[in-house]
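Here is how the chains run, residue by residue.
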Amino acid sequence: MTAGTTLEARELYRFYRAGDEETHALRGTSVAVDAGEVVVVTGPSGAGKSTLLACLGGLDEPDAGTVFLNGVRLSHRPEQERAAARARGIGVLFQSGNLLPHLTVTGNVQLVQRLVRGGARQRPADVLHAVGLETRGHARPGELSGGESARAGLAVALANGPRVILADEPTGELDATTEAGVLELLRAEADRGCAIVIASHSPAVAAAGDRVIRLELGRIVGEARP
Ligand SMILES: Nc1ncnc2c1ncn2[C@@H]1O[C@H](COP(=O)(O)OP(=O)(O)OP(=O)(O)O)[C@@H](O)[C@H]1O
Ligand SMILES: [Mg+2]
């Protein structure tokens, strides 16, 4: 692990068993992401992108291999400890489902902030300002446009000032302009030192990365710098 490495996966394996069928979702996948770096993971459907992100964020446990966050092992710890590490240091962004529908946008940000005890914390209004949603804090998710939803999801991911952002197809449902806006916001987070991993099929997302890793059948088969 080099000095600037924030997140590292070493030789991850993940198997799923359903009856007699065994899927090898990850087969010895290693990746290291530096502070300030945006890594895009591409590859065909079923390649293991979401599985990799889930393991990197401690949402899922690899069957073998290790994930390190800031040099400290994140994998193979009790779920509670992984959840605490995630709340403190990892912002997770999905294509949809980042927002609880019965809470306002501000309420969603506050909910995530309450998961972290103590510590310096941004005001929800400042988090919403950062994503250009300062006037939409009172809205419920159902009242937002697609682009506003994407930015509200991002606000939730950024609520605790994470050192890592994991985004799984964050722009999958967005038009090109909104996608560019989300990518700009993610780049701004990288510029303040965040390590970012984005799984995406979008050429625009790949072009915005510092590094593009291609996964096929759970293995890294290529790496490029756009
Ligand atoms: N919970 C699960 N149970 C069984 N198999 C699973 C499970 N989750 C994923 N898989 C399988 O693992 C493989 C990798 O899935 P994964 O979701 O990581 O792919 P992906 O690259 O994210 O694909 P997509 O581009 O469609 O999102 C696939 O073959 C998938 O069917
Ligand atoms: Mg996926």
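Preceding block: the structure.
Procedures and definitions
Residues numbered from 1 in each chain as written. Chains lettered and ligands numbered in written order. Predicted model: local features only at pLDDT ≥ 70, side-chain atom pairs only at ≥ 80, totals over all residues. Heavy atoms only, no water. Helix = DSSP H or I, 4+ residues; strand = E, 2+ residues; numbered from the N terminus. Rg over C-alpha atoms; globule rule 2.2 N^0.38 Å. Buried < 20%, exposed > 50% of the residue type's maximum accessible area, 1.4 Å probe, protein only. Contact = heavy atoms within 4.5 Å. Lys, Arg positive; Asp, Glu negative; His and termini not counted. Charge placed at Lys NZ, Arg CZ, Asp CG, Glu CD. Pairing = 2+ DSSP bridges. Near = heavy atom within 4 Å. Polar contact = N/O pair within 3.5 Å; in protein donor to acceptor, adjacent residues only side chain to side chain. Nonpolar A, V, L, I, M, F, W, Y, C, P; charged D, E, K, R; others polar.

Enquirer: Describe the overall build of the chain, listing the residues and the values that go with them.
Expert: A tally of helices and strands in the chain yields seven helices and ten strands. Taking 226 residues into account, the globule formula puts the C-alpha radius of gyration at 17 Å, and the chain, at 17 Å, falls close to it. Principal axes of the C-alpha set define a box for the chain whose edges measure 50 × 40 × 40 Å. The 226 residues of the chain split such that 50% are buried. Sequence separation of at least 24 residues holds for 67% of the intrachain contacts in the chain that already meet a minimum separation of 6. Where the 24 positive side-chain charges of the chain centre and where its 27 negative ones centre are 6 Å apart.

Enquirer: So what's going on with the pairing of strand β10 (residues 219–224)? Which residues, and what values?
Expert: Pairing between strand β9 (residues 211–216) and β10: five bridges, direction antiparallel. What sits directly across from V212, in β10, is A224. Counted along the chain from β9 to the antiparallel partner β10, the turn is two residues long, and its residue L217 has a positive phi close to 45 degrees.

Enquirer: Just give me the short version of the site of ligand 1, but keep the residues and values in it.
Expert: Looking at ligand 1, the residues that line it are Y16, T23, A25, P44, S45, G46, A47, G48, K49, S50, T51 and H201. Between ligand 1 and the protein, one listed contact pairs an oxygen atom with a side-chain N or O atom of S50 at 2.8 Å. Between ligand 1 and H201, the relevant distance is 2.9 Å, taken from an oxygen atom to a side-chain nitrogen or oxygen of the residue. Elements with a contribution of two residues or more to the shell around ligand 1: β2 (21–34) and α1 (49–56). When its residues are assigned to classes, the shell around ligand 1 shows four nonpolar, seven polar and one charged.

Enquirer: Could you give an account of the side chain of R86, with specific residues and numbers?
Expert: Counting through the fold element by element, R86 comes out in helix α2 (residues 79–89). Among the residues examined, R86 registers a relative accessible area of 14% and is labelled buried. Leaving out residues up to four positions away in the same chain, R86 has contacts with G57, G58, L59, E79 and V92.

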